[in-house]
Structure formats: structure tokens, C-alpha cells
Amino acid sequence: MILIFLSNFFSVKIFAESEFWFAAVKVAAIVAFIILGGLAVVFVWMAIALCQLKFRQKWLKERHTEDELKFKTPSFHALVCLYRQPGLLPFDLV
């Protein structure tokens, strides 16, 4: 607070430039947090989908059927199509 007062007291130009840069840092921080939040949503969604795919693989490997499951995900077949085409995913699911 004292630093802001002294910059305004001695030179208005220094005060104005410092306020400009402080505002720019605030805007950059807000944009960074928005981007970080969006990436977090995408990564959490991908992790949930991967866990579900792994569960279904193990479920079917133990000779269970999909009819035994109480909840059926509508997008399960899309995940199976992605799994069966190894070039579409950048990592190995097995």
C-alpha cells in the first residue's frame, strides 16, 4: 500500500503504468484459471471413461455378459470402437 502511495505521490506516470501491469497480470491469471478448469474437466472425463472401459473389459473377460449389469452406458459401443482401432488412441489400454 505504501509503495502504491509513493508511486502516485512522486509520479502519476509510474502509478498509471504499474496499475496497467497489475491489471494485465489479473486478466492473465483469470484466463489461465479458465483454461486450467477446462482441461481439468476434460481429463476427469477421460479418466472416468478409461476406468469404465477397463471395468467392462475385465467384466467380459470373466465371462459375464452385458445383460448382467444394472446400468448400461449408452456410449459403451463407441468406446469399444476406439479400443479396437489402436491408431486412434495415443496410449495402450491393455
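Structural notes, computed from the coordinates. (Residues numbered from 1 in each chain as written. Predicted model: local features only at pLDDT ≥ 70, side-chain atom pairs only at ≥ 80, totals over all residues. Heavy atoms only, no water.)

**Section: the overall build of the protein**
Then, number 1: Helices and strands together make up the secondary structure of the protein, namely 3 helices and 0 strands.
Then, number 2: Counting from the amino terminus, helix and strand elements in the protein follow one another as α-α-α.
Then, number 3: Counting over 94 residues, the protein shows a buried share of 13%.
Then, number 4: Long-range contacts, defined as pairs at least 24 residues apart, comprise 30% of the intrachain contacts of the protein with a sequence gap of at least 6.
Then, number 5: Of the roughly 8,300 Å² of accessible surface on the protein, 75% is carried by carbon and sulfur atoms. (Helix = DSSP H or I, 4+ residues; strand = E, 2+ residues; numbered from the N terminus. Buried < 20%, exposed > 50% of the residue type's maximum accessible area, 1.4 Å probe, protein only. Contact = heavy atoms within 4.5 Å. Areas by Shrake-Rupley, 256 points an atom, 1.4 Å probe, with all protein chains shown as cover.)

**Here's the deal with unusual backbone geometry**
Then, number 1: In this structure, Arg-63 takes a positive phi of about 65° despite not being glycine.
Then, number 2: Note on placement: Arg-63 falls in the loop between α2 (12-61) and α3 (76-84).
Then, number 3: Residue classification places Arg-63 among the exposed residues on the basis of a relative accessible area of 78%.

**Observations regarding the packing of aromatic side chains**
Then, number 1: Using the criterion set out here, one finds 2 aromatic pairs in the structure.
Then, number 2: Ring geometry for Phe-20 versus Trp-21: centroids 5.1 Å apart, planes at 75°, classification edge-to-face. Accessibility assignment for this pair places Phe-20 and Trp-21 in one class, exposed.
Then, number 3: Ring centres of Phe-55 and Trp-59 lie 5.7 Å apart, and the angle between their planes is 35°; on these two criteria the pair is classed as tilted. Of the two residues, Phe-55 and Trp-59 both sit in helix α2, 4 residues apart, roughly one turn of that helix.
Then, number 4: Overall, Trp-59 belongs to the buried group, its relative accessible area being 19%. (Phe/Tyr/Trp six-rings, centres within 6.5 Å; stacked < 30°, edge-to-face > 60°.)

**Section: α2**
Then, number 1: Here α2 is 50 residues long and its end C-alpha atoms lie 73 Å apart, about the 74 Å a rise of 1.5 Å per residue gives.
Then, number 2: Three or more residues of α2 are buried, namely Ser-18, Ala-49, Leu-53, Arg-56 and Trp-59. (Expected span 1.5 Å × (residues − 1).)

Taken by themselves, the reported measurements are silent on function.
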